[in-house]
Amino acid sequence: MDKDFTSTPRPTFKRTLRRNSMISVIITMTLIWLLLCFASVVTLKQYAQKNLELTGATMSHSLEASLVFNDSLAANETLAALGKQGQFAAAEVINAHKKRFAYWSWNPEDNNDTLGALVSRWLFPVPVAQPIMHNGLRIGEIRLTARDSLISHFIWTSFAVLTGCILFAAVVALIITQSLHRGMVMALQNITDVVHDVRTNRNFSRRVKDGRIEEFHQFGEDFNSLLDEMEEWQLKLQAKNAQLLRTAMHDPLTGLANRAAFRNSIAALMNDPSARTNSALLFLDGDNFKFINDTWGHAAGDCVLIEVASRMMEFGDKRHQSYRLGGDEFAMVLYGVHSELEVQHICAALSQQFIRPFDLHNGQKASMSFSIGFALAWENASVEALLERADRNMYQVKNQRTKTIS
């Protein structure tokens, strides 16, 4: 079965940055520690070499008389006296005949310092030799072997000091690095929050705050400029969509909501149990609109339709919603009604709105009446039933008017 890698949690940038910075500091400080240790050992070798050579030069003057008078006992005493000061591990005096004249050793069999012995062999593979001169002639030489414990003491001390300094420097470097990284993380977190908010919540008004780091500050300004353009584009798009939605849901002549908006409203009304208990539907159909069109033309008819829509909106105010379904057919949804009698009174009051003659804007005025039929939402179980009841009642009123006129 394939492993689902998408479920593996991803490390955060802050955690990754902190881990990488710590690894970088540790590796860097380790390399520096190794280089300093090597340099210290090399420097120590040179220093110990010079110090041992200086000790040998000093001892050669002290041993000059012993060789001249062939007093090996005095030479041994001189070597022992100087050797007990801990400057060397072994000393050997060779006379002019290349034979051992005197010798002293600092108990080498008791030395258990293995590391010191190894380092001593690396630093001083052969003893340091210094000639013993008398009146310009070479009468012998002294050979000195470095002391292991002294060398190891210097090495351990150097390593301890270096290690302490490196650890202190590493701690300081980590603190400085964390401080710098904290600024970077805060700047990136600021940008990330804005990007996430814009992408998730479409909040194009969000902006990146000013950053302390110059590069992030410039990036934030450029990103904010981009957000300005995106926000302007979004506002234009929203305005365009609103305009398109209004065009799609409103009648271009009268400004009333059209048939599509009417169908949506009726469907929402019948799906809302609480709204159905106090709502009703009115259908309005013009009785003599064809006569106006045929007599004065379509421009005059448009003037009448516009005025009809204006009177319906004024009558309905913000309580009732008016619609133009097409031609001289209109509808009105009543809200906050609780009885059939109340609806009948509203229909009668609405009919009174059309008694006043309509100005045709051509010097003429015309009268127009409407047949109004209603249906109560709480008496109908579906949208189709409600529409059918209102339409049937409207045509009953229209037929009655026709018979009355005849």
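So, here's what we can say about the structure. Keep in mind that what you see is a predicted model, and the values were worked out from it rather than measured.

Our focus in this paragraph is the overall build of the protein chain. Counting its regular elements, the protein chain contains 11 helices and 10 strands. With 406 residues in all, the protein chain has 35% of them scored as buried. Partitioning the intrachain contacts of the protein chain with sequence separation of at least 6 by distance along the chain shows that 67% fall at a separation of at least 24.

The next thing to look at is the side chain of Asn380. Among the structural elements, Asn380 can be located in the loop between strand E10 (370-376) and helix H11 (383-405). Overall, Asn380 belongs to the buried group, its relative accessible area being 5%. Within the structure, Asn380 has its side chain in polar contact with the backbone oxygen of Leu376 (distance 2.6 Å). Leaving out residues up to four positions away in the same chain, Asn380 has contacts with Met270, Arg276, Ala375, Ala385, Leu386 and Arg389.

Axis separation between helix H8 (residues 289-296) and helix H9 (residues 298-316) bottoms out at 6 Å; the angle between their running directions is 140°. One finds that H8 runs oblique with respect to H9. Along the contact surface, H8 presents Phe289, Ile292, Asn293 and Trp296, while H9 presents His298, Ala300, Gly301, Val304 and Leu305. Of the residues belonging to the contact of H8 with H9, the class tally is 6 nonpolar, 3 polar and no charged.

Let's shift gears to the pairing of strand E4 (residues 137-145). Bridging between strand E1 (residues 90-95) and E4 involves 6 bridges; their strand directions are antiparallel. Of the residues in E4, the one forming a bridge with Ala91 is Leu144. Here strand E3 (residues 128-134) pairs with E4 via 7 bridges, running antiparallel. From the neighbouring strand, Val128 faces E4, where its bridge partner is Leu144.

Scanning all chains against the criterion turns up 5 aromatic pairs. Here the aromatic rings of Phe262 and Tyr323 are separated by 5.3 Å at their centres, their planes lie at 70°, and the arrangement is edge-to-face. With a gap of 61 residues between them, Phe262 in helix H6 (residues 259-270) and Tyr323 in strand E6 (residues 321-326) connect regions that are remote in the sequence. The residues Phe262 and Tyr323 share a single accessibility class, namely buried. Counting every residue linked through ring pairs, the aromatic cluster contains Phe262, Phe283 and Tyr323.

Rules used throughout
Just so you know, the residues in each chain are numbered from 1, in the order the chain's sequence is written. Only residues with pLDDT of at least 70 are given local features in this predicted model, and only at 80 or more are side-chain atom pairs given and counted; all residues enter the totals for whole chains, interfaces and linings. Side-chain measures here rest on the full set of heavy atoms in the structure, leaving out hydrogens and waters. Note on conventions: DSSP H or I runs of at least 4 residues are helices, E runs of at least 2 residues are strands, and numbering of each starts at the N terminus. The classification of residues rests on relative accessible area computed with a 1.4 Å probe and restricted to protein chains. Under 20% of the type maximum is buried, over 50% is exposed, and intermediate values are partly exposed. Contacts: residue pairs with any heavy atoms within 4.5 Å of one another. N or O atoms closer than or at 3.5 Å make up a polar contact, with two conditions inside protein: a donor-capable atom paired with an acceptor-capable one, and, for residues adjacent in sequence, both atoms drawn from side chains. Inter-axis angles, ranging from 0 to 180 degrees, are taken between N-to-C directions of lines fitted to C-alpha atoms, where helices are fitted over the stretch in contact. Under this scheme an angle from 65 to 115 degrees is roughly perpendicular, one under 35 degrees roughly parallel, and one over 145 degrees roughly antiparallel; angles in between are oblique. Think of it as three bins: nonpolar holds Ala, Val, Leu, Ile, Met, Phe, Trp, Tyr, Cys and Pro, charged holds Asp, Glu, Lys and Arg, and polar takes everything else, Gly as well. Strand pairing requires that DSSP identify at least two bridges connecting the strands. Pairing of aromatic rings covers Phe, Tyr and Trp, the last through its six-membered ring, and needs centres within 6.5 Å; plane angles under 30 degrees mean stacked, over 60 mean edge-to-face, and all others mean tilted.

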